[in-house]
Amino acid sequence: MKYTTVIFDFDYTLADATDGIVSSFNHSFSELNLAGCDIESIKRTVGLTLDEAFVQLTANKDRALRNRFKILFKEKADEVMSKNTVLFDDTIITLQRLKRDGFNTGIVTTKYHYRIVETLNIHGISDLVDIIVGGEDVKVPKPSPEGLLLAIDSLNAQLNDVLYVGDSLVDAKTALAANVDFAAVTTGTTDENEFSQYPCIRILKNLSELGLELLSF
């Protein structure tokens, strides 16, 4: 078998949290008397840190304002995020198949660890994921390889036994920095042409295409 371990990004790889994300951004902007943003612009920031997303959406680099934004965002997200996160149709069956076939599984994301735990518990699938590394578990966020390497070490896996699956160029860069194979999914806002700039063993339309023939080639 080519891999023993499959690690996933979360937002737009395993789940769609658009409603909670957009609500949290625009609530925070409103509280700060800033203009709201459209859904597509906000979606394109998913995978970035909140600091990076704020600057990208507002073109404002004021540190105090960014810090206030992060506090407001977290408060709103604690209220709305997990309950408004929808797993993709093939997420559970994919994770079940991987566990049945003996793979280690993990999630490495910029999202808060506890929020991933909440979502997995809501859907009753916490037993399908062996390790979670969230934004608060690392000193440097993706595309730094810190989180991915932490997950790999926690699973006692070797780099060449690991496949990282993600939906963004941040994920592709993370895998490259960690020196592990990467499979892209186009369920986010990044298309095949953009992914072609990075070493991907495969570009998938969705998780259903993550078949045994890919994992064991």
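Residues numbered from 1 in each chain as written. Predicted model: local features only at pLDDT ≥ 70, side-chain atom pairs only at ≥ 80, totals over all residues. Heavy atoms only, no water.

Each helix and strand counted, the protein chain has 10 helices and eight strands in total. For a compact globule of 217 residues, the expected C-alpha radius of gyration is about 17 Å, and the protein chain comes in at 17 Å, within 12% of that figure. Evaluated residue by residue, the protein chain yields a buried proportion of 47% over its 217 residues. Across the protein chain, contacts joining residues at least 24 apart in sequence account for 64% of those joining residues at least 6 apart. Separation of charge centres in the protein chain, based on 21 positive and 32 negative side chains, amounts to 3 Å. (Helix = DSSP H or I, 4+ residues; strand = E, 2+ residues; numbered from the N terminus. Rg over C-alpha atoms; globule rule 2.2 N^0.38 Å. Buried < 20%, exposed > 50% of the residue type's maximum accessible area, 1.4 Å probe, protein only. Contact = heavy atoms within 4.5 Å. Lys, Arg positive; Asp, Glu negative; His and termini not counted. Charge placed at Lys NZ, Arg CZ, Asp CG, Glu CD.)

Bringing the nonpolar core into the picture now. Core analysis: the biggest nonpolar cluster contains 26 residues, and Val6, Phe8, Val165, Leu210 and Leu215 have the highest contact counts within it. At the level of secondary structure, the elements contributing two or more residues to this core comprise β1 (5–8), α5 (91–100), α6 (113–122), β6 (162–166), β7 (181–185) and α10 (212–215). Val108, Val138, Ala175 and Phe195 belong to the second-largest nonpolar core, a separate cluster that totals 19 residues. (Core = buried A, V, L, I, M, F, W, Y, C linked by side-chain atoms within 4.5 Å.)

Bringing the packing of aromatic side chains into the picture now. By the definition in use, this model includes 10 aromatic pairs. Aromatic pair Phe69 and Phe73: ring centres 5.8 Å apart, planes at 50°, arrangement tilted. Of the two residues, Phe69 and Phe73 are both situated in helix α4 (residues 63–80); the distance of four residues between them amounts to about one turn of the helix. For the residue pair Phe69 and Phe73, the accessibility class agrees, reading buried in each case. The rings of Phe25, Phe29, Phe54, Phe69 and Phe73 are connected pair by pair, giving a single aromatic cluster. (Phe/Tyr/Trp six-rings, centres within 6.5 Å; stacked < 30°, edge-to-face > 60°.)

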